[in-house]
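A closer look at the structure
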2 protein chains.
Amino acid sequence: MAQLSDTIEKFIKDLMEEGTQVELRRNELAQHFGCAPSQINYVLATRFSVDHGYVIESRRGGGGYVRIVRMHESPEGNLLSMLLQRVGTEIDEDSAVAIIKHLLDCKLVTTNEALLMRSAVAQNALALPISAKNVLRAAVLRNMLQQVFRNVERGEKHDHV
Amino acid sequence: MAQLSDTIEKFIKDLMEEGTQVELRRNELAQHFGCAPSQINYVLATRFSVDHGYVIESRRGGGGYVRIVRMHESPEGNLLSMLLQRVGTEIDEDSAVAIIKHLLDCKLVTTNEALLMRSAVAQNALALPISAKNVLRAAVLRNMLQQVFRNVERGEKHDHV
DNA sequence: ACGCTAGAATAGTCAGAGAAAGTCAAAAGA
DNA sequence: TCTTTTGACTTTCTCTGACTATTCTAGCGT
């Protein structure tokens with residue numbers, strides 16, 4: 001039996017579907033699910049954190065709201081934003097490999113990591129018509145780039161995956 | 001009379017019947033057999049380990065559960081093929097993450113590699129309708145798994161990407 | 001009109017209760 | 001001896017409620 005939090009998470013993700021952000025009233029949502037308003041904050045904190053690739057913006061007071069934005073770009077990082085720009089919304093396999101090689105050259109990733117990234121954007125990983133493949137490859141690569149740079153910037157070791 | 005553990009093992013296997021997985025409440029099951037809850041863990045550890053061809057996924061707290069997934073028919077298959085089978089042709093994000101975690105637990109990948117894999121199969125890496133997402137995620141994950149095991153099996157260092 | 005203030009309408013934070021599941025070592029049994 | 005079983009303790013996850021913080025608006029005094 002799914003927990004309330006799971007239900008709310010799914011509800012929000014369904015709302016976002018396609019779009020890159022969604023705006024809602026915390027109290028309305030809580031009422032809709034018959035729970036405490038702070039429950040919404042709990043869901044946001046545990047399922048829509050930065051680690052999960054989301055940013056939350058909100059405003060209190062009359063006409064207040066909570067906006068959930070799916071991240072596509074991290075604010076810092078010059079190389080990252082350059083690479084992201086180069087990736088754009090679609091990219092062919094050769095160019096993707098070139099970028100990955102570049103990361104390897106810069107020692108931003110290990111050989112194993114590069115091979116993993118390579119395998120994620122390979123032709124056969126993307127079972128779709130060619131044009132769609134390129135769009136998808138770009139999306140996957142962008143996500144991985146952001147991951148690589150998260151590590152670089154924070155210099156942290158995460159224990160959770 | 002057979003040991004309690006044997007009885008519980010049989011009970012669980014009966015539950016699985018033809019299906020490939022079963023979900024249960026640890027405490028309920030313990031109550032049903034009138035034993036300590038940790039007894040269930042013992043059964044899982046000794047009869048449903050990865051070596052036996054099963055993967056356990058679980059969650060604590062309210063609405064917690066234990067999910068037992070059978071990964072293969074013949075116990076001789078290697079881990080890769082078991083995992084590939086588990087992935088199948090489509091897979092949701094949570095299950096994908098569980099598999100990646102498993103690789104990390106087995107020390108088959110580093111934390112960074114796991115995070116990379118995680119980012120390649122995340123919701124926002126796959127810009128498609130939900131049902132298609134799962135299919136695509138499976139394809140990408142399968143490819144990465146094969147890459148991971150190429151490294152393991154050969155124990156080689158590649159220099160080209 | 002203009003600025004101030006009080007109150008209403010929102011959202012955020014945090015600590016605590018409760019509900020699972022996990023761990024581990026010692027006791028019991030085969 | 002080796003496996004099973006138990007129970008005390010730990011960790012994780014969910015949910016709530018009391019309290020806090022922010023923002024908007026209407027009304028008031030000048």
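Below: a short report on this structure. (Residues numbered from 1 in each chain as written. Chains lettered and ligands numbered in written order. Predicted model: local features only at pLDDT ≥ 70, side-chain atom pairs only at ≥ 80, totals over all residues. Heavy atoms only, no water.)

**Here's the deal with the overall build of chain A**
Secondary structure assignment for chain A yields 7 helices and 3 strands. Each helix (α) and strand (β) of chain A, taken in turn from the N terminus, gives the series α-β-α-α-β-β-α-α-α-α. Counting every position in chain A, which comprises 161 residues, the buried fraction comes to 47%. The long-range share in chain A, meaning contacts at least 24 apart out of those at least 6 apart in sequence, stands at 56%. Summing over all exposed atoms, chain A offers an accessible surface of approximately 8500 Å²; the carbon and sulfur share of this is 51%. (Helix = DSSP H or I, 4+ residues; strand = E, 2+ residues; numbered from the N terminus. Buried < 20%, exposed > 50% of the residue type's maximum accessible area, 1.4 Å probe, protein only. Contact = heavy atoms within 4.5 Å. Areas by Shrake-Rupley, 256 points an atom, 1.4 Å probe, with all protein chains shown as cover.)

**Things to note about the protein's contact with DNA strand D**
Close to DNA strand D lie 26 residues, the nearest being S5(A), Y42(A), R59(A), S38(B) and Y42(B). Of everything in DNA strand D that lies within 4 Å of the protein, sugar and phosphate atoms constitute 64%. Here S38(A) contributes a side-chain N or O atom positioned 2.7 Å from a base oxygen of DNA strand D. At 2.5 Å, a side-chain N or O of Y42(A) approaches a phosphate oxygen of DNA strand D. Contributions of two or more residues to the surface near DNA strand D are made by α1 (4-16) and α3 (37-47) of chain A together with α1 (4-16) and α3 (37-47) of chain B. (Near = heavy atom within 4 Å. Polar contact = N/O pair within 3.5 Å; in protein donor to acceptor, adjacent residues only side chain to side chain.)

**Describing the packing of aromatic side chains**
Within the structure shown, the criterion is met by 4 aromatic pairs over all chains. Seen in terms of ring centroids, F48(B) and Y54(B) are 4.8 Å apart; in terms of plane orientation they differ by 70 degrees. Their pairing is edge-to-face. A single burial state applies to F48(B) and to Y54(B), both of which are buried. The ring centre of F48(A) lies 5.6 Å from the NZ or CZ of K13(A), which sits over that ring. (Phe/Tyr/Trp six-rings, centres within 6.5 Å; stacked < 30°, edge-to-face > 60°. Lys NZ or Arg CZ within 6 Å of the ring centre and 35° of its normal.)

**Some points on the pairing of strand β1 (residues 21-24) of chain A**
Residues and elements named next belong to chain A. A one-sided burial pattern is seen for β1, the buried positions being V22 and L24 and the unburied ones Q21 and E23. For β1 and strand β3 (residues 65-70), the ladder comprises 4 bridges, and the chain directions are antiparallel. Paired with E23 across the strands is R67, a residue of β3. (Pairing = 2+ DSSP bridges.)

**Things to note about the protein's contact with DNA strand C**
Close contacts around DNA strand C come from 27 residues, with N41(A), R60(A), R26(B), N27(B) and N41(B) the closest. Residue N41(A) places a side-chain N or O atom 2.8 Å away from a phosphate oxygen belonging to DNA strand C. Between S58(B) and DNA strand C, the recorded distance is 3.1 Å, taken from a side-chain N or O atom to a phosphate oxygen. Put simply, the parts of the chain that give the surface near DNA strand C at least two residues each are α2 (26-33), α3 and β2 (54-59) of chain A together with α2 (26-33), α3 and β2 (54-59) of chain B. When the residues that make up the surface near DNA strand C are grouped by side-chain class, the tally is 2 nonpolar, 17 polar and 8 charged. (Nonpolar A, V, L, I, M, F, W, Y, C, P; charged D, E, K, R; others polar.)

**Digging into the packing of α1(B) against α2(B)**
Residues and elements named next belong to chain B. Between α1 and α2, the shortest axis-to-axis distance is 12 Å and the interhelical angle comes to 125 degrees. Judged by the angle between their axes, α1 and α2 are oblique. Of the two possible hands of crossing, α1 and α2 adopt the one that is right-handed. Every residue of α2 that contacts α1 at L4, T7, I8, F11 and I12 is listed here: L29, H32 and F33. (Axes fitted to C-alpha atoms, helices over the stretch in contact; angles between N-to-C directions. Parallel < 35°, antiparallel > 145°, perpendicular 65-115°, else oblique. Left-handed = near helix turned anticlockwise from the far one by under 90°.)

**So, the side chain of E113(B)**
Mapped onto the fold, E113(B) is located in helix α6 (residues 111-120). Note on E113(B): relative accessible area 6%, which makes it buried.

**Side note on the pairing of β2(B)**
All names here are of chain B. Two elements, β2 and strand β3 (residues 65-70), share 6 bridges in a ladder whose sense is antiparallel. Bridge assignment links R59 to a residue of β3, and that residue is Y65. From the end of β2 to the start of β3, which pair antiparallel, there are 5 residues, and G61 there has a positive phi angle of about 75 degrees.

**Concerning the environment of Y42(B)**
Residues and elements named next belong to chain B. Its place among the elements puts Y42 in helix α3. Overall, Y42 belongs to the partly exposed group, its relative accessible area being 44%. Each C-alpha atom of the pair Y42 and S5 lies 7.9 Å from the other, and the pair is 37 residues apart in sequence. Among all residues touching Y42, those that are not within four sequence positions of it are S5 and R47.

**Structural notes on the pattern of salt bridges**
What the rule picks out here adds up to 13 salt bridges over all chains. The shortest N-O distance in the salt bridge between D6(A) and R59(B) comes to 2.9 Å. Taken together, the positions of D6(A) in helix α1 and R59(B) in strand β2 put the pair across two chains. Two residues, D14(A) and K10(A), come together in a salt bridge whose shortest N-O distance is 3.0 Å. Of this pair, D14(A) and K10(A) both sit in helix α1, 4 residues apart, roughly one helical turn. (Salt bridge = Lys/Arg side-chain N within 4 Å of Asp/Glu carboxyl O.)

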